[in-house]
Amino acid sequence: MRQVWVYFIFAVMGLSHCFAQPIRVAIVGLEHGHVAGFLKQFPNQQEVQLVGIVDADTNLSHRYAQQFHLDSSLFYTQLDAMIAACHPQALLVYTSVGEHRRVIEAAAQHGLSVMVEKPLTMSLEDALAIRRAAREHHIQVLVNYETTWYASNRAAYDEVAKGALGDLRRVVVHDGHEGPKEIGVPPEFLKWLEDPDQNGDGALYDFGCYGADLVTWLMHGESPLSVTAVTQTDKPQIYPQVADEATITLRYPKAQAVLMASWNWPFGRKDMEVYGATGYFITVGPDKLRVRTKGQDQESAGTAPPLAPPNDGSLHYLAAVLNGSLQPDGDLTSLETNVVVMQILDAARQSAREGRTIKLAPLPK
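Residues numbered from 1 in each chain as written. Predicted model: local features only at pLDDT ≥ 70, side-chain atom pairs only at ≥ 80, totals over all residues. Heavy atoms only, no water.

### Overview of empty space enclosed by the protein
Counted by the stated rule, this structure contains two cavities of 30 Å³ or more. Space inside the largest cavity adds up to approximately 40 Å³. Thr 147, Tyr 150, Ser 152, Asn 153, Val 173, Asp 175, Leu 214, Lys 270, Asp 271, Met 272, Thr 283 and Gly 285 together form the lining of the largest cavity. Counting residues per element, the ones that place at least two in the lining of the largest cavity are α7 (151-161), β7 (168-176) and β11 (269-276). Per-element accounting of the lining of the largest cavity gives the leading share, three residues, to β11. Grouping the amino acids of the lining of the largest cavity by side-chain chemistry returns four nonpolar, five polar and three charged. Its volume calculated, the second largest cavity comes out at about 30 Å³. Leu 168, Arg 170, Val 171, Val 215, Met 219, Tyr 252, Ala 255, Gln 256 and Ala 257 together form the lining of the second largest cavity. (1 Å grid on protein atoms, 1.4 Å probe; cavity = no way out; pocket = protein on both sides within 12 Å on 5 of 7 lines; lining within 4 Å. Points joined across faces, edges and corners; volume = space filled by probe spheres on them. Helix = DSSP H or I, 4+ residues; strand = E, 2+ residues; numbered from the N terminus. Nonpolar A, V, L, I, M, F, W, Y, C, P; charged D, E, K, R; others polar.)

So, in structure tokens, the structure goes:
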């Protein structure tokens with residue numbers, strides 16, 4: 001009889017999993033080109049259900065409807081109207097970075113959690129305002145980076161955490177590509193990428209945020225003591241208003257980090273070098289590794305094991321957070337991590353403008 005009950009319990013568990021309701025999500029904004037990646041994923045997953053799309057540009061909405069064979073009933077021009085009609089549980093924000101705070105604060109008023117494309121926002125002031133709204137209305141605010149879902153980065157973090165490299169001494173992060181115009185981003189995307197009022201300062205924000213996020217994660221949320229940044233525009237005929245080259249140096253009590261963000265790489269790249277007192281770990285793209293530790297005559301190369309759900313992609317992760325099975329506690333997507341990221345980027349922008357090192361004050365709790 002006991003065996004029958006065990007089989008029954010497992011059967012119920014299996015059925016409850018099969019009939020779990022997907023998370024109802026809506027897209028806000030279509031001017032961020034990464035939205036196409038979500039719409040490509042959408043038909044091949046069961047974690048989320050797309051219930052609405054908001055964009056004031058009806059021509060842009062029509063283009064996406066045709067490209068991805070979306071029903072016209074999904075589209076709205078006003079956020080409040082979409083929320084009233086579609087009742088989403090979360091918003092996926094694909095606006096310009098300059099619009100993030102406005103959209104997140106509006107979502108908070110409706111009690112809706114949010115996942116935005118990187119970076120979180122434009123300034124530390126905005127980041128702290130977002131944190132206040134999230135706390136007051138008890139919502140999740142998550143930040144999506146491509147590199148969060150790289151198995152190589154998780155492998156590097158795990159090696160540091162278990163002490164395989166000794167005390168952390170230096171991190172060097174390279175991120176970027178040939179330039180947004182050069183790689184052919186859509187015109188609505190390019191328009192705000194090269195606008196300092198909507199994207200901070202070109203490559204400094206667009207790609208500096210990746211390294212700031214990874215280093216803050218490796219440093220367990222610790223803010224650096226100081227930030228020094230140098231930016232320049234090597235292609236003023238293409239990007240007259242923003243920097244296309246940036247180098248950010250972060251100083252910690254016993255470590256340094258160098259973030260190299262560029263719209264001038266000969267090829268797209270996202271890789272990281274982590275140096276400890278007794279070894280190093282170098283990531284190359286999503287899953288390739290180069291490692292050497294004390295006692296080894298030469299480095300070894302390999303491939304990181306695949307990430308397991310729900311940590312293998314933004315939709316798996318979002319669903320797990322919203323259904324309560326995962327807490328974003330100091331990880332790459334978490335609001336607390338990304339407030340520190342904005343502290344770094346804001347200081348880097350100030351440092352580059354003023355030509356001096358910026359010493360950081362402790363963040364308000």
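Now that the structure has been shown, the text picks up again.
### Side note on the pattern of salt bridges
Counted by the stated rule, this structure contains 15 salt bridges. One salt bridge connects Lys 162 with Glu 159, and the closest N-O pair in it is separated by 2.9 Å. A relative accessible area of 60% means that Lys 162 is categorised as exposed. The buried category is assigned to Glu 159, whose relative accessible area is 17%. Of the charged contacts in the structure, one is a salt bridge between Arg 356 and Glu 354, with a shortest N-O distance of 2.6 Å. Judged by relative accessible area, Arg 356 falls into the partly exposed class, the value being 42%. Salt bridges sharing partners connect three or more residues here, namely Arg 101, Glu 105 and Asp 126. (Salt bridge = Lys/Arg side-chain N within 4 Å of Asp/Glu carboxyl O. Buried < 20%, exposed > 50% of the residue type's maximum accessible area, 1.4 Å probe, protein only.)

### A short note on helix α12 (residues 208-218)
Most of α12 is tucked away, with eleven of its eleven residues classed as buried. The set of residues buried in α12 consists of Gly 208, Cys 209, Tyr 210, Gly 211, Ala 212, Asp 213, Leu 214, Val 215, Thr 216, Trp 217 and Leu 218. One or two steps after α12, the chain reaches His 220, where phi turns positive at roughly 55°.

### A short note on the sheet that holds strand β5 (residues 113-117)
Taken in spatial order, the six strands of this open sheet run β3-β2-β1-β4-β5-β6, and their pairing is parallel. Every interior strand has two partners, whereas the edge strands, β3 (75-76) and β6 (141-144), have only one. Bridge count between strand β1 (residues 23-28) and strand β2 (residues 48-54): six bridges; the pairing is parallel. If you follow Val 25 over to β2, its bridge partner there is Leu 50. Set on the sheet, helix α5 (residues 100-109) makes contact with β1, β4 (90-93), β5 and β6; between it and β5 the angle comes to about 165°. (Pairing = 2+ DSSP bridges. Contact = heavy atoms within 4.5 Å. Axes fitted to C-alpha atoms, helices over the stretch in contact; angles between N-to-C directions.)

### Topic: the packing of aromatic side chains
Summed over the entire model, instances satisfying the criterion amount to nine aromatic pairs. Where Tyr 64 meets Phe 68, the ring centres are 6.0 Å apart and the plane angle is 10°; that geometry is what we call stacked. Of this pair, Tyr 64 and Phe 68 both sit in helix α3 (residues 58-68), separated by four residues, roughly a single helical turn. Phe 68 shares its class with Tyr 64; the two are buried. Aromatic pair Tyr 145 and Tyr 210: ring centres 5.8 Å apart, planes at 65°, arrangement edge-to-face. One end of the pair, Tyr 145, is in the loop between β6 and α7; the other, Tyr 210, is in helix α12, and 65 residues separate them in sequence. Pair check on accessibility: Tyr 145 and Tyr 210 agree, each one buried. Over the face of the ring belonging to Phe 207 we find Lys 118, whose NZ or CZ atom lies 5.5 Å from the ring centre. The ring centre of Trp 265 lies 4.5 Å from the NZ or CZ of Arg 269, which sits over that ring. (Phe/Tyr/Trp six-rings, centres within 6.5 Å; stacked < 30°, edge-to-face > 60°. Lys NZ or Arg CZ within 6 Å of the ring centre and 35° of its normal.)

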